[in-house]
Amino acid sequence: MTPVLEVRDLRKVFGDLVAVDGISFAVGEGEIYGFLGPNGAGKTTTISMICGLLKPTEGEVLVQGLSVADDPRAVKRRMGVVPQEVALYEELSARANLEFWGGIFDLRGKEMKDRVAELLDQVGLDERASEPVKNFSGGMKRRLNLAMGLVHDPQLILLDEPTVGIDPQARHKILEIVKQIVAKGRTVLYTTHYLEEAEDLCDRLAIIDNGCILAEGSVDELKAQLGEGSLLTVQGGFGAADLTTAASGVSGLQPVEIADGRGMLLVGRDGPGVSHALEGLFQAGLTFDDISIKEPNLEDLFLRLTGRELRD
Amino acid sequence: MRRIWHLALHDTRLFLVARENLFFMFLMPVMFMLFFSVVFRGNGPTDVSISLQVVDRDSGFLSRAFVKQLESGRFDVVAVAPAAADSTAYIRRLIIPVGFTDSVLAHRPVDVALTKKSDSNLEYDAAAEVRLRQVQARFLGALARWNQEAVSEISVADQEALLALIAEQPRLTVAAEFAGSGRPVPSGAGQSIPGMLAMFMVMTVAIGGSESLTREKLGGTLARLATTTYSTGEILGGKLLHLVLVGMVQAMVLMAAGQAIGRLGLFGIDFSWGPRYWVVLVGLVPYAFAVGGVTLLLGGLFRTTQQAESLGWMVGMVFAALGGCWWPLEIMPRGAQILGGFFPTFWAMKALHAVVTFGRGLDGILLPMAVLAGFGALFAWLGARTMKVTG
Ligand SMILES: Nc1ncnc2c1ncn2[C@@H]1O[C@H](COP(=O)(O)OP(=O)(O)OP(=O)(O)O)[C@@H](O)[C@H]1O
Ligand SMILES: [Mg+2]
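As a convention, each chain's residues are numbered from 1 in the sequence order in which they are written. Note on labels: chains are lettered from A, ligands numbered from 1, in written order. Whole-chain, interface and lining totals are the exception, using all residues; otherwise, since this is a predicted model, local features are given only for residues with pLDDT of at least 70 and side-chain atom pairs are given and counted only at 80 or more. Side-chain measures were taken over the full set of non-hydrogen atoms in the model, leaving aside hydrogen atoms and water.

Draft legend 1. Examining the site of ligand 1 more closely. Residues and elements named next belong to chain A. Near is defined per residue: the residue qualifies when any heavy atom it owns lies within 4 Å of the molecule or strand. Around ligand 1, 13 residues are found, and the nearest of them are Gly-40, Lys-43, Thr-44, Thr-45 and Glu-161. For this analysis, a polar contact is any N or O atom pair within 3.5 Å, provided that within protein one partner can donate a hydrogen and the other can accept it, and provided that sequence-adjacent residues contribute only side-chain to side-chain pairs. At 2.8 Å from an oxygen atom of ligand 1 is found a main-chain nitrogen or oxygen belonging to Lys-43. A distance of 2.7 Å separates an oxygen atom of ligand 1 from a polar side-chain atom of Thr-44. Notes on ligand 1: free accessible area 630 Å², of which the protein chains cover 62%. Because more than half of its atoms lie within 2 Å of the grid, ligand 1 is assigned to the largest pocket. Helix and strand definitions follow DSSP, with helices as H or I runs of at least four residues and strands as E runs of at least two, each counted in order from the N terminus. Every element with two or more residues in the shell around ligand 1 is listed here: β2 (17-27) and α1 (43-50). Looking at the shell around ligand 1 element by element, the count peaks at three residues for α1. Basically, the charged four are Asp, Glu, Lys and Arg, the nonpolar ten are Ala, Val, Leu, Ile, Met, Phe, Trp, Tyr, Cys and Pro, and anything else, Gly included, counts as polar. Looking at side-chain class alone, the shell around ligand 1 contains five nonpolar, six polar and two charged residues. In short, Shrake-Rupley with a 1.4 Å probe defines the accessible areas, and a residue's cover is counted only from the protein chains shown. Any residue with an atom within 4 Å of a point lines the site, the site being either a cavity, points on a 1 Å grid over the protein atoms alone where a 1.4 Å probe fits but cannot get out, or a pocket, an open set with protein on both sides within 12 Å along at least 5 of 7 lines. By definition, a pocket or cavity contains a molecule when more than half of the molecule's atoms lie within 2 Å of the pocket's grid points.

Draft legend 2. Geometry of unusual backbone geometry. All names here are of chain A. Despite not being glycine, Gln-64 shows a phi value in the positive range, around 45°. Checked against the element boundaries, Gln-64 lands in the loop between β4 (58-63) and β5 (66-67). One non-glycine residue with positive phi stands out, namely Asp-106, at about 65°. Note on placement: Asp-106 falls in the loop between α3 (94-104) and α4 (109-122). The cut-offs for exposure are 20% and 50% of the maximum accessible area for each residue type, with area from a 1.4 Å probe on protein chains only; residues under the lower value are buried, those over the upper are exposed, and the others partly exposed. Under the relative-accessibility criterion, Asp-106 is labelled partly exposed at 29%.

Draft legend 3. Molecular detail of the side chain of A:Thr163. Residue and element names in this part refer to chain A. Within the secondary structure, Thr-163 sits in the loop between β7 (156-160) and α6 (168-183). Judged by relative accessible area, which is 1%, Thr-163 ranks as buried. In what follows, a contact means two residues having at least one pair of non-hydrogen atoms within 4.5 Å. Excluding residues that lie within four positions of it along the chain, Thr-163 makes contacts with Arg-171, Ile-174, Leu-175, Tyr-190, Tyr-194 and Glu-197.

Take a look at the structure:
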């Protein structure tokens, strides 16, 4: 089956800066594909090339087999874009915003009325539909911003950080809406730098940094790249070399990321366990100010892949 | 085209719900119309005496009577002795030749010569010529009624009888005083009301329009439009049509306001767009297009909405001043008149005066309309190249 979205060797160069450096991936029908990466990773640039706002320096984008470059109108009809920055007409009501957008996609009369009412209900703005958008809270604007991209019921929806800068409750609401969309068989490309969202929402995701995909797969597949087990994080007055030497003497303990005064180690599930590992490190003469044990998550994977935290 | 209208009507609706735009559209221009009409009332040659140096080489009683006739014909006569004529500077000079009195009394034709300096104001010159013809006609009329046949002996009483005839108000005034090639300089409300209309079409569209374009550019709604099935051409076409619509709404509002002011005679202002108001409206369409094009370019150039507000304002002012919205360009130096031709406002004022002041029809304003359409096309093209729709 042709994927709904297929991106091949996409590259974008701004002057000296390589914003997107040869990205390829494919998203199938009914799938939520996540793009997880820090600020400046190249998420928005990729989305802009997919939706035809930016011309790729190299590479191509296919939507249901149609090329964005060759057949932009047909592709854009199949695609709904929700930009990272809320882009609404502040003076107009939520309903008027949606109606204008519906008109853009040739909705008329009853069809328009029904669709707008349905969307207002879906994003929970039906009671405030007649108020000017400028009176809305950040979360309400985000919901309307999302609804605008759905007016023409597109097959492919590009969501660029749709939850950035809003409170957890409003974020939860948006995630619910996204899940509903996908339940109807629509396909979503979802960019975020919140890993909880990516873990919660995405069927598959790509971790991207500096314009490159560093790892790709389902959440479980990605976590497995760290190895099976628990993550032991230690802090103290030790040097990186001391910890590395000490860890190599303990069975079932693998370094993930080690620096002076700080270390992350994987305690293998099938090995002798956490207490054994800690004992081994103490015996090597190390002292710690702080010790924590947790299940590995994507944050840890990101740290391992890039040596940096996801959030700066 | 339907898609372009969809955008244009949407934008125009947005424009009209913004309160500050309404202030610019309704209140400000009407206040300006009233103010300028009252302040500039009675300027220009329609009401003002035209200065004229007279060299009376004849010094006969009829030449003196003719000078009297000139004075009552709204000439500001400065008499210069024939001996001093060569050394005196002048702008317009009338020379009454030797033997004027004798020739007239003998029913022989006689020429009075009107000379003008090349830098004199053309419109005033034309007005001077027309008035001179009227003065001659009245003078002849007075002579005819005086009916003095005697050539040699004319009593003082007879002379006074002629002067009395000259001093009489003319029985027939020609209403179309400046018909033909002699055009007056529009003054008072006849200048200010069309002037403010032309100025506020620029002001409203350039300030409000470039502000909203800049806001859309920065706020992402423009780029968002580009993610839809709309092409860049359709988006820019919609924006341009919107600006033209706003311009025409402004034009209609101010035409109605001008007509109402004249009808009510507010502050004694006498004004009407005349019977050909629809020609005015049609003539303003290419002007609105030119103003829309300029605004599209401004919207493409501006980086912040503050720039749009302050620089948009300045552009409006410069266009208005140099294009002849505030005062008739006819009274400006030649250089300013040539410079004015580079501004759409100049051609709009030309078209407005042609219809409103001189009663010309659509065929009389084809040139300014074509020039304005050319301006519009040029600026729209530049604007389309400057405006980055895709952010
Ligand atoms: N128009 C542009 N001109 C020059 N550089 C650009 C342009 N757009 C983006 N960049 C650069 O490209 C890189 C990727 O930017 P992009 O906006 O795609 O990142 P992002 O992953 O969306 O980040 P964020 O999470 O902050 O939205 C950044 O270094 C950015 O500065
Ligand atoms: Mg981004």
